[in-house]
Structure formats: structure tokens, C-alpha cells
Amino acid sequence: MADLAALQKGIGHEFQRLILLQQALTHPSLSPQHNQRLEFLGDAVLELCVSEKIFVKHPEMQEGAMTKLRQKLVREEKLADAARSIHLGDYLMMDKGFAQNGGRKSNSVLCDAFEAVLAAVYLDGGLAAARIMVEKLIGDCSETAAADPKSALQEYLQGKGTAAPAYQTVGEEGPPHDRIFTAAVLIDGREAGRGKGTSKKRAEQEAARAALDFITGE
């Protein structure tokens, strides 16, 4: 197994109880003392950390959009890529035959190991340490997934040979100092989505996000 000091540097956490990390790196094919219980806990820790990050970074995002963004950030492929960025597969302890059959490169194995390691970090250093690991390894994914939806929608439509979308403000409510705007986005003259925000720009962004989710089936 590779040097655990290098792995801890990649994670962003130095363990006080190294046995936790060792268990997180133990695949079920090798030992009854494997990482599946840690994986169970890590799944919950990851959901909390990512949900908190989305809640804080995107104050105008509605619940449905927040849920969809979280789903994008914690899906198996994303977590496997995060695991590969720190060469997590090289550190996994598993049956030799399983490893020879590609076990160290498997998305599902890497995803499970990532969650197990996150749980180990949480148990060793608390929620603050878990937040650091999530920020370090999937923080950039959050920014990418939440890129300006108006630009993303326009690029998508251009790729399909469709005219650029049009936006309309279709509603305003609340007192002058605390207005909430509702915007609609039209594609080929037909409404494709609506969104609300504390400014017309933010309402249009949410409308574009809703339209993207609708036309891409997400």
C-alpha cells in the first residue's frame, strides 16, 4: 500500500487515529473488518456537507434546483473522479484477484471508498474536517455545476440550431424594499420555464435553470 502521509495530504486531514483511515481503505473482498459501515456514515456526512455548501453559496436557488444540483455533485462518477484526483485506488487494500480484475479503477469501488474515507475524517476530526475534505475535493464541481444557467441554456440551444431564448418579467410581489420577481423564458415563442428571485436577473437565471432541467430531462 502506498504511503498514507501522501494520501492524508491529498485529503487535507492528518489523522490522530490512523486505524480509522486504514479501515476506510479496506475493501470487503479482503477482510470482514471492511469499510462498508464507514461508507454508510460517509454518505450521510457528504449529503450534509454538500447541502450546506449549496444552501450558503446559492441563496436564490429554490429547493428543487438545490436537490438536482446536489444529485449532480454526489453521483457516483463525480465521487470516483474525486477519488482518482488523490489516487485513492492505489491505497485500497483488496483481494489480489479483485484488484487484477480492475477493482482499483471501478467507479463504484472508488465512490464507496471516498465516502468511507470521508466518514473516517468526520470521526477523527469532526464536521469541520469533513467540510475541508469536501471543499478540497469536490468544491470546484459545485462551481462548475452551478455555472450561469442563462449562458448554459443559450449554448445548449445554439448547439441544437435553435434561436436564442427570450425572457419576460411576468410578476412582481412584496414591498418596494423586498421585491420578488418572477421571470419566464420563452423558446421559439413558447414558455419553457419560470423562476423567482430578488432581482430580475436572478429570476431569469432560475427560469433558465428550470428550462434546462425540463428540456434535458434532468
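Further up the page is the structure itself.
Fair warning: this is a prediction, and the values are worked out from it, not measured in the lab. (Residues numbered from 1 in each chain as written. Predicted model: local features only at pLDDT ≥ 70, side-chain atom pairs only at ≥ 80, totals over all residues. Heavy atoms only, no water.)

Draft legend 1. Representation of the overall build of the protein chain within the structure. From N to C terminus, the protein chain includes nine helices and three strands. Its C-alpha atoms give the protein chain a radius of gyration of 21 Å, clearly above 17 Å, the size a compact globule of 218 residues would have. The C-alpha extent of the protein chain, read off along each of the three principal axes, is 60 × 40 × 25 Å. Looking at the protein chain as a whole, 40% of its 218 residues qualify as buried. When contacts within the protein chain are restricted to residue pairs at least 6 apart in sequence, long-range pairs at least 24 apart make up 54% of them. Accessible surface for the protein chain amounts to roughly 11800 Å². Of this, 49% is attributable to carbon and sulfur atoms. Measuring between centres, the 26 positive side-chain charges of the protein chain sit 2 Å from its 30 negative side-chain charges. (Helix = DSSP H or I, 4+ residues; strand = E, 2+ residues; numbered from the N terminus. Rg over C-alpha atoms; globule rule 2.2 N^0.38 Å. Buried < 20%, exposed > 50% of the residue type's maximum accessible area, 1.4 Å probe, protein only. Contact = heavy atoms within 4.5 Å. Areas by Shrake-Rupley, 256 points an atom, 1.4 Å probe, with all protein chains shown as cover. Lys, Arg positive; Asp, Glu negative; His and termini not counted. Charge placed at Lys NZ, Arg CZ, Asp CG, Glu CD.)

Draft legend 2. Representation of the packing of helix α8 (residues 149–159) against helix α9 (residues 200–216) within the structure. Here α8 crosses α9 at 40 degrees, and the two axes come no closer than 8 Å. Judged by the inter-axis angle, α8 sits oblique to α9. In the packing of α8 onto α9, the handedness of the crossing is left-handed. Of the residues in α9, those in contact with Pro149, Lys150, Ala152, Leu153, Tyr156 and Leu157 of α8 are Glu204, Gln205, Ala208, Arg209, Ala211, Leu212, Ile215 and Thr216. The class makeup of the residues in the contact of α8 with α9 is nine nonpolar, two polar and three charged. (Axes fitted to C-alpha atoms, helices over the stretch in contact; angles between N-to-C directions. Parallel < 35°, antiparallel > 145°, perpendicular 65-115°, else oblique. Left-handed = near helix turned anticlockwise from the far one by under 90°. Nonpolar A, V, L, I, M, F, W, Y, C, P; charged D, E, K, R; others polar.)

Draft legend 3. Region of the structure containing helix α5 (residues 76–85). Among the residues of α5, those classed as buried are Leu79, Ala80, Ala82 and Ala83. Considered in projection along α5, the buried side chains sweep an arc of 160 degrees and stay on one side of the axis. Taken from the residues just after α5, His87 is the one with a positive phi, measuring 55 degrees. (Arc of directions from axis to C-beta.)

Draft legend 4. Molecular detail of the nonpolar core. Leu7, Leu25, Leu88, Phe114 and Val117 are the most contacted members of the largest nonpolar core, which totals 44 residues. If you list the elements that add at least two residues to this core, you get α1 (4–11), α2 (18–24), α3 (36–57), α4 (63–74), α5 and α7 (107–145). In terms of residues, this core owes the most to one element, α7, which gives 17 residues. Ignoring any residue separated from it by four or fewer positions in sequence, one finds Val117 in contact with Ile11, Leu21, Ala24, Leu25, Leu88 and Met133. (Core = buried A, V, L, I, M, F, W, Y, C linked by side-chain atoms within 4.5 Å.)

Draft legend 5. Geometry of the packing of aromatic side chains. Scanning the entire structure with this criterion turns up zero aromatic pairs. One residue, Lys150, lies across the ring of Tyr167, its end atom 4.6 Å from the ring centre. (Phe/Tyr/Trp six-rings, centres within 6.5 Å; stacked < 30°, edge-to-face > 60°. Lys NZ or Arg CZ within 6 Å of the ring centre and 35° of its normal.)

Draft legend 6. Structural context of the environment of Ala116. Structurally, Ala116 can be placed in helix α7. Sequence-wise, Ala116 and Leu30 are 86 residues apart; in three dimensions their C-alpha atoms are separated by 16 Å. Not counting chain neighbours up to four residues away, the residues in contact with Ala116 comprise Ala24, Asn35, Leu38 and Glu39.

Draft legend 7. Broad picture of the pairing of strand β1 (residues 166–173). Here β1 pairs with strand β2 (residues 180–187) via seven bridges, running antiparallel. Its bridge partner being in β2, Tyr167 is matched across the sheet by Val185. Turn length for the β1-β2 hairpin, with the two strands adjacent in sequence and antiparallel, is six residues, and the turn residue Gly174 shows positive phi of about 95 degrees. (Pairing = 2+ DSSP bridges.)

Draft legend 8. A look at the pairing of β2. With seven of its eight residues buried, β2 lies for the most part within the structure. Pairing of β2 with strand β3 (residues 190–197) involves seven bridges; the strand directions are antiparallel. Bridge pairing in β3 places Thr182 opposite Lys196. Hairpin connection, β2 to β3: the antiparallel pair is bridged by two residues, and Asp188 has positive phi, about 55 degrees.

Draft legend 9. Local environment of the sheet that holds β2. With antiparallel pairing, three strands are arranged side by side in an open sheet as β1-β2-β3. Sheet topology places β1 and β3 at the edges, where each strand pairs with a single neighbour. Within this sheet the neighbouring strands show an average axis-to-axis angle of 25 degrees, counted without direction. Docked against the sheet, α9 engages β1, β2 and β3, running at close to 135 degrees with respect to β3.

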